Amino acid sequence: MAVGQSAAWCNRGGPISAEPRINDRIRVPEVRLVGPSGEQVGIVPLAKALELAQEYDLDLVEVAANARPPVCKLMDYGKFKYESAMKAREARKNQAHTVIKEMKLRPKIDPHDYDTKKGHVVRFLKQGDKVKITIMFRGREQSRPELGYRLLQRLAEDVTDLGFIESNPKQDGRNMIMVLGPHKKKTEAMAEAREAQAARKAGRQGDQAGEAPADEPADEPAEPSADAG
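Residues numbered from 1 in each chain as written. Predicted model: local features only at pLDDT ≥ 70, side-chain atom pairs only at ≥ 80, totals over all residues. Heavy atoms only, no water.

**Digging into the packing of helix α4 (residues 111-126) against helix α5 (residues 145-158)**
Geometrically, a packed helix pair is captured by the angle between its two axes and the distance between the axes. To keep it simple, the criterion reads: Whenever a helix is involved, its axis is fitted only over the stretch in contact; in every case the axis is a line through C-alpha atoms, and angles between N-to-C directions fall within 0 to 180 degrees. Each helix corresponds to a stretch of at least 4 residues labelled H or I by DSSP, and each strand to a stretch of at least 2 residues labelled E; elements are numbered beginning at the N terminus. Small angles under 35 degrees read as roughly parallel and large ones over 145 as roughly antiparallel, with 65 to 115 read as roughly perpendicular and the rest as oblique. Crossing handedness is defined as follows: a turn of the near helix away from the far one that is anticlockwise and smaller than a right angle gives a left-handed crossing, while the clockwise case is right-handed. For this analysis, residues touch if any pair of their heavy atoms sits within 4.5 Å. Residues were grouped as follows: Ala, Val, Leu, Ile, Met, Phe, Trp, Tyr, Cys and Pro as nonpolar; Asp, Glu, Lys and Arg as charged; and all remaining residues, including Gly, as polar.
At a minimum axis separation of 11 Å, α4 and α5 run at an interaxial angle of 55°. When the interaxial angle is binned, α4 and α5 end up oblique. Seen along the crossing, α4 lies across α5 with a hand that is right-handed. Of the residues in α5, those in contact with Tyr-114, Lys-118 and Val-121 of α4 are Leu-151, Arg-154, Leu-155 and Asp-158. When grouped by side-chain class, the residues that make up the contact of α4 with α5 number 4 nonpolar, no polar and 3 charged.

What follows is the structure, given as C-alpha cells:
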C-alpha cells in the first residue's frame, strides 16, 4: 500500500480518543508502575502489573503513554473520572468572565447626576468589572473637548482606589471614551462577595438564636405568716 493511501486509510478511523488506555487495552511488554498511594513500584512486566491490579481490585491506568516504558498507575478509574468531572464542573462554575460595563455622561453634567453615575462606576469596579466611560457631545459642545477630558480625569481620580485608567481618553466622533480597569480581579471580587454573604447569613442566624424569650411573670410575694408580729 502506498504511503498516501496508508495515510488516507488511517484518517478514516475517526478522531483519536483522549481517554487513557486501561487494563487489557494497554499493549506493551512492560510498564513503570506506580502504586495506589503514589509509591514507585518500578518497571514490571505488563502481566505482573495486571495481576497486582486484580489483587488490589483496581484498574491499571496508563498515565504517561509517551514515556519509555509507559507509566501506569493502580487506581479506581471510575472514581477518578467522577472526581475529575466534578472538579472541572466546579472550575467552570467559579470561572470569572470580566464584563465591560458602560456609563454615559454629558460634559456639563449636574453634580447630583455625577454622584449617581460615579456610584454606579464604583459598584462596577468593586465587582471586578471594567467600565467604559463615554462622554457625549452635542451641538457646540463638540468644540470644547477639554470639558470631556477634564470630566474623565476627575472621575478617574475619584475612583483611583478602586480602578485605574486602562485606556486613556480619546475622541471617537461625537464621543470621548475612556476605559477604567478594576484593581481587583473578578475572582477576588466574587470570593469577597461570597464571604460577605456568608457573614450576613451567619449574623442573621446569630441574631435569631440570641433573641431573649419573653419575660416570665415575676413570682408573687409570699403572704405574711399568721405568726408574724
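**Overview of the nonpolar core**
Let me state the cut-off plainly: Side-chain atoms within 4.5 Å link the members of a nonpolar core, which is a set of buried Ala, Val, Leu, Ile, Met, Phe, Trp, Tyr and Cys residues. Here the term buried applies to any residue with accessible area under 20% of the maximum for its type, exposed to any over 50%, and partly exposed to those in between, with areas from a 1.4 Å probe on protein chains only.
If you look at the biggest cluster of nonpolar residues, it comprises 20 residues, and the most contacted ones within it are Leu-105, Val-121, Ile-133 and Leu-180. Mapped onto this core, the elements with two or more residues apiece are β5 (100-105), α4, β6 (130-136), α5 and β8 (175-182). Excluding its chain neighbours within four sequence positions, the residues that come into contact with Ile-133 are Met-103, Leu-105, Val-121, Leu-152, Leu-155, Met-176, Ile-177, Met-178 and Leu-180. By size, the runner-up hydrophobic cluster in this structure holds 13 residues, among which are Ile-26, Val-31, Val-44 and Leu-52.

**Quick word on the packing of aromatic side chains**
Any pair of aromatic rings gets described here by the distance separating the centres and the angle formed by the planes. Selection rule: Only Phe, Tyr and Trp rings take part, Trp by its six-membered ring, and two of them pair if their centres are within 6.5 Å. Stacked means planes under 30 degrees apart, edge-to-face means over 60, and tilted covers everything else. By definition here, charges over rings are those cases where NZ of Lys or CZ of Arg is within 6 Å of the ring centre and within 35 degrees of the ring normal.
In this structure the tally under the stated criterion is 1 aromatic pair. Aromatic side chains Tyr-77 and Phe-80 sit 6.2 Å apart centroid to centroid with 25° between the ring planes, which places their arrangement in the stacked category. Of the two residues, Tyr-77 and Phe-80 both sit in helix α3 (residues 77-94), 3 residues apart, roughly one turn of that helix. Over the ring of Tyr-114 we find Arg-154; its NZ or CZ atom is 3.8 Å from the centre of that ring.

**Notes on the sheet that holds β6**
Where we set the bar: Think of it this way: DSSP has to see at least two bridges between two strands before they count as a pair.
One open sheet accounts for 4 strands, arranged β5-β6-β8-β7; its pairing is mixed. The sheet is open, and its two edges are formed by β5 and β7 (163-172), each paired on a single side. Ignoring strand direction, the axes of neighbouring strands in this sheet form an average angle of 20°. Pairing analysis gives 6 bridges linking β5 to β6, with the strands arranged parallel. Paired with Met-103 across the bridge in β6 is Ile-133. Of the strands in this sheet, β5, β6, β7 and β8 touch α4, which is tilted by about 170° from β5.

**What to know about the sheet that holds strand β1 (residues 30-34)**
The 4 strands are arranged β2-β1-β4-β3 in an open sheet whose pairing can be described as mixed. Two strands bound the open sheet, and with one partner strand each, they are β2 (40-45) and β3 (59-64). Each neighbouring strand pair of the sheet contributes to a mean axis angle of 35°, computed without reference to strand direction. Pairing of β1 with β2 involves 5 bridges; the strand directions are antiparallel. Among the inter-strand pairings, Leu-33 is bridged to a residue of β2, identified as Gly-42. Sheet contacts for helix α2 (residues 46-56): β1, β2, β3 and β4 (71-75); angle to β2, the most-contacted strand, approximately 125°.

**Observations concerning a negative patch on the surface**
To be explicit about the condition: Patches here: salt-bridge-free residues with over 30% relative accessible area, like charges joined within 9 Å, nonpolar side chains (Val, Leu, Ile, Met, Phe, Trp, Tyr) joined within 5 Å. Using the Shrake-Rupley algorithm and a 1.4 Å probe, accessible areas are obtained, with residue cover drawn only from the displayed protein chains. The term salt bridge refers to a side-chain nitrogen of Lys or Arg lying within 4 Å of a carboxyl oxygen of Asp or Glu. Within this scheme the basic residues Lys and Arg register as positive and the acidic residues Asp and Glu register as negative, but His and the chain ends are omitted. We put the charge of a Lys on NZ, of an Arg on CZ, of an Asp on CG and of a Glu on CD.
Taken together, the side chains of Asp-110, Asp-113, Asp-115, Glu-157 and Asp-158 present a region of like negative charge at the surface. When residues of the negative patch are traced back to their parent elements, those giving at least two are α4 and α5. Here Asp-113 is to be found in helix α4. According to the relative accessible area criterion, Asp-113 is partly exposed, its value standing at 38%.

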